[in-house]
Structure formats: structure tokens, C-alpha cells
Amino acid sequence: LVTSFQPLEVYIYKKGFSRLASKKYTRDLKSLDDAYIHITNSSIQTENKRNENKRGSVHKCKLTLKETLTLLQRAYNVDTVELLDKIHKVLLAAIVSMNHVVSSNPNCFELFGFDVLIDDKFKPWLIEVNSSPSLKIESLIDFQIKRSLIRDVLRLIDPCLYDRKKLASLFLRRMKTGQWSQSMPRSTLELRQQINDELQQILTANFKSELSDNITGDHQSREIVPEDFVRLAPSPLSKRLLSVKEKIEATITDRLNDEDKRCR
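> Would you mind showing me how to read the packing of aromatic side chains here?
Any pair of aromatic rings gets described here by the distance separating the centres and the angle formed by the planes. As enumerated under the stated definition, the model contains three aromatic pairs in all. An angle of 80° between the planes, with centres 6.3 Å apart, marks the rings of Tyr11 and Phe229 as edge-to-face. Placement of Tyr11 in strand E2 (residues 8-13) and of Phe229 in strand E7 (residues 229-233) is noted, with a sequence separation of 218 residues between them. A relative accessible area of 2% means that Tyr11 is categorised as buried. Aromatic pair Tyr13 and Phe229: ring centres 4.9 Å apart, planes at 55°, arrangement tilted. Here the residue Tyr13 occupies a position in strand E2, and Phe229 occupies one in strand E7, the gap between them amounting to 216 residues. For the pair formed by Tyr13 and Phe229, the shared burial category is buried. One aromatic cluster is present, built from ring pairs that chain together Tyr11, Tyr13 and Phe229. Here the basic side chain of Lys62 rests over the ring of Phe17, its NZ or CZ set 4.5 Å away from the ring centre.

This is the structure we're talking about:
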């Protein structure tokens, strides 16, 4: 959950889940076309009728993160605390890499879904990042995790109150001005600007930034953080990553400038 990109404020939800294949993994090249071995998407695994139990759901193809970590610890003696720490670093590095290209809006937040693959050396690999991931309830695990996630997200972001009737009235007034165009009459442009100003006042009237300009690693940015959220930024790690990123960008800029001078 990213509540601010500039300055960076990031939280990760403790309650996740893992997807498993319904058929045992093998490196046999002949198995490459078998989706039930190599693709863990629920939509695919649910088609494997041979693995359905009496309730009609795929057997053990989705586990809670807690169950997954317990399994890894008991079966492979994995240090799950270290593994989670590595995963958190991967996720934070991904967000830091693109925070400069996302416009900062104090009235917005973004929930991302990260797909991470754990290899046979128990090293996490980032597969993809989903913006606004599906919150569809398809199983008991979905119900347990996603329902509480939605509740805790709303508790953490603590959306400001506003006059809904006044907001609806403004939207109606705005619709009557028609589609925006620079060729609009001056009076219409001024009216539209006035409506936009009023809209901003409604949405930001009760908004108070929870982040200071100078964030330290021990700065507690929010008064209420649900216990199932872990703050990844601001933190000493996020500060180091941002510093490294700035140095890399400065180096690239200098080299491009030098190359441009040589070309001239």
C-alpha cells in the first residue's frame, strides 16, 4: 500500500497467500506444455478436475502466507524471518525505482499486488506488479485475507470527510459546462476554473499531511497503523535506496551530458 510517493510512504500487508501448482514440478522438457505443472494461476489450476476435492475446490493450490512460511520452515528448515526480509527489500526497491515518475497527490493512495517467485535456493524473484489487484472472493482464503485487507486499508488511510451533496452538485454544474476545450468562451472557462477550485476545497478541506518534510528512520508517520501492516518506508532502508538511486541517476545524467558535448 503506497499512501504517498513524494515523500515515500509504503506499507506491506502481513496477510498474503501463495499459489501452488496442482501437479508436482519437474524440469523434464517434455512437461513444458503442462500448465498444471508450470503455471500457478488459480484460473488455470481450477480446471484440473483430477485435483478437486469433494467441495469442488482445488486441493492445496492456494495457501495463506503463514501456512507457506510454516511449511518452508518445517520441511526445509528455512529462516522465514530472513526470507520475509529479502522479499520486503525486493518490493521496496521496485517501488523506489519508479517513485519519481508517479505524480504526488495527497488525496490518493494505491494498492499494489506483487507476484514473487521463491526459487530452490529460497531467493525471492519479482515476477510482476499488479496495479489495483483483484479483490474478488473466490475461496475461503480470499474471504479471510481480502476482507480484512479492505478493512485495514480504510483504517490506515483514514479518508477525510466531505459534503457528498455539495460534491454531487459541483459535478452537475461541471457537466453542464460541457467537454473542456481551449476554444470555450472566456466566461465558461472562468466558471469551470471556479468549479475546479471549489472541488479542490471540498476534497482537501479536512486533509492533513501526516508526513513531515524531513523524514527520519524512526519517524512514526501515522497515529493509527493496523497491526497487520508493516511500514517499509520511510525507513533507514528506503532512505539508503533513494540515495543510491539519486547517485545512479546523477551518474547517468553526467555521462549523457559528456556524450552530448562530444557529439557537438
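Let us keep going from here.
> Please clarify how the side chain of Ser4 should be interpreted in this entry.
For Ser4, the location among the structural elements is in strand E1 (residues 2-5). Here the side chain of Ser4 touches Pro7 through a polar contact of 2.4 Å, landing on its backbone oxygen.

> What should I look at first to understand the pattern of salt bridges in this one?
When the charged atoms of two side chains with opposite charge come close together, those side chains can pair. Enumeration according to the criterion identifies 11 salt bridges in this entry. Among the ionic contacts, a cluster of salt bridges with common partners joins Lys62, Asp142 and Lys146.

> Explanation requested: the sheet that holds E2 in the structure shown.
Adjacent strands of a sheet form backbone hydrogen bonds with each other and so pair up, either parallel or antiparallel. Taken together, the three strands give an open sheet; going across it, the order is E1-E2-E7, and neighbouring strands pair in antiparallel fashion. Only two strands of the sheet have a single partner each, and these edge strands are E1 and E7. Neighbour to neighbour, the strand axes of the sheet diverge by 25° on average, direction disregarded. Its contacts with the sheet place helix H4 (residues 80-98) against E1, E2 and E7, and it is angled at close to 145° to E2. Lying over the sheet, helix H5 (residues 140-157) contacts E1, E2 and E7, oriented at roughly 155° with respect to E2.

> What is the right way to look at the pairing of strand E5 (residues 112-118) in this model?
Along a regular strand, successive side chains alternate from one face of the sheet to the other. Where E5 meets strand E6 (residues 124-131), seven bridges bridge the pair, whose relative direction is antiparallel. Of the residues in E6, the one forming a bridge with Leu117 is Trp125. Linkage of E5 to E6, two consecutive antiparallel strands, is achieved through a turn of five residues, within which Phe122 is found at a positive phi near 60°.

> Sorry, what's going on with the side chain of Ser238 here?
Position of Ser238 relative to the elements: it lies in helix H8 (residues 236-263). Within the local environment of Ser238, its side chain forms a polar contact with the backbone oxygen of Ser235, the two atoms lying 2.9 Å apart.

> I would appreciate a short explanation of a nonpolar patch on the surface in the present structure.
Judged by side-chain polarity, Val244, Ile248, Ile252 and Leu256 come together as a nonpolar surface patch covering roughly 370 Å² of accessible area. Residue classification places Ile252 among the partly exposed residues on the basis of a relative accessible area of 46%.

> Mind showing me how you'd approach the nonpolar core here?
The nonpolar side chains of a soluble globular protein tend to be buried, and buried together. Val2, Phe5, Leu8, Val10, Leu83, Leu92 and Ile95 are the most contacted members of the largest nonpolar core, which totals 17 residues. Elements that contribute at least two residues to this core include exactly E1, E2, helix H3 (65-76), H4 and E7. Broken down by element, the residue count for this core peaks at six residues, all from H4. What Leu8 contacts, discounting residues up to four positions off in sequence, is Leu92, Ile95, Val96, Asn99, Ala233 and Pro234. Of all hydrophobic cores here, the second largest spans nine residues; its members include Tyr11, Tyr13, Leu156 and Phe229.

> It is not clear to me how the environment of Glu9 should be interpreted in this structure. Could you clarify?
Summarising the element assignment, Glu9 is placed in strand E2. Glu9 sits 222 residues away from Arg231 along the chain, and the two C-alpha atoms are 7.8 Å apart. Among the polar contacts listed, one links the side chain of Glu9 to the side chain of Thr3, at a separation of 2.4 Å.

> Whenever I open this one, unusual backbone geometry confuses me. Can you help?
The phi angle of most residues is negative, glycine excepted, and most peptide bonds adopt the trans form. A cis amide bond links Gln6 to the next residue, Pro7, at an omega of 0°. Checked against the element boundaries, Pro7 lands in the loop between E1 and E2. Going from Ala233 to Pro234, the amide bond is cis rather than trans, its omega being 5°. With phi around 55°, Asn77 is a residue other than glycine that occupies positive phi space. Its relative accessible area of 68% is what places Asn77 among the exposed residues.

About the cut-offs
- Throughout, residues of each chain are indexed from 1 in the direction in which the sequence is written.
- Per-residue local features of the predicted model are confined to residues with pLDDT of at least 70, and side-chain atom pairs are confined, for both listing and counting, to 80 or more; whole-chain, interface and lining totals are unaffected and use all residues.
- Water and hydrogen atoms play no part in the side-chain values, which are based on all heavy atoms of the structure.
- Side-chain rings of Phe, Tyr and Trp, where Trp is taken by its six-membered ring, are said to pair if the distance between their centres is within 6.5 Å; with planes under 30 degrees apart they count as stacked, over 60 as edge-to-face, and otherwise as tilted.
- Secondary structure elements are taken from DSSP: a helix is a run of H or I of four residues or more, a strand is a run of E of two residues or more, and numbering for both begins at the N terminus.
- Using a 1.4 Å probe on the protein chains alone, a residue whose accessible area is under 20% of its type maximum counts as buried, one over 50% counts as exposed, and one in between counts as partly exposed.
- By the criterion adopted, a ring carries a charge over it if an Arg CZ or a Lys NZ lies within 6 Å of its centre and within 35 degrees of its normal.
- By the criterion applied in these results, polar contacts are pairs of N or O atoms within 3.5 Å in which, for protein atoms, one can donate a hydrogen and the other can accept it, and in which residues neighboring in sequence qualify only through two side-chain atoms.
- In the sections that follow, a salt bridge refers to a side-chain nitrogen of Lys or Arg positioned within 4 Å of a carboxyl oxygen of Asp or Glu.
- One requirement defines pairing of two strands: DSSP has to find at least two bridges between them.
- Working convention: axes come from line fits to C-alpha atoms, limited for helices to the stretch in contact. Angles between N-to-C directions cover 0 to 180 degrees.
- By the convention used here, residues are in contact when the closest approach between their heavy atoms is within 4.5 Å.
- Candidates for patches are residues over 30% relative accessible area with no salt bridge; among them, like charges are joined within 9 Å and nonpolar side chains (Val, Leu, Ile, Met, Phe, Trp, Tyr) within 5 Å.
- All accessible-area figures derive from a Shrake-Rupley calculation using a 1.4 Å probe, and residue coverage is judged against the displayed protein chains alone.
- The set of buried Ala, Val, Leu, Ile, Met, Phe, Trp, Tyr and Cys residues whose side-chain atoms join them within 4.5 Å is what this entry labels a nonpolar core.

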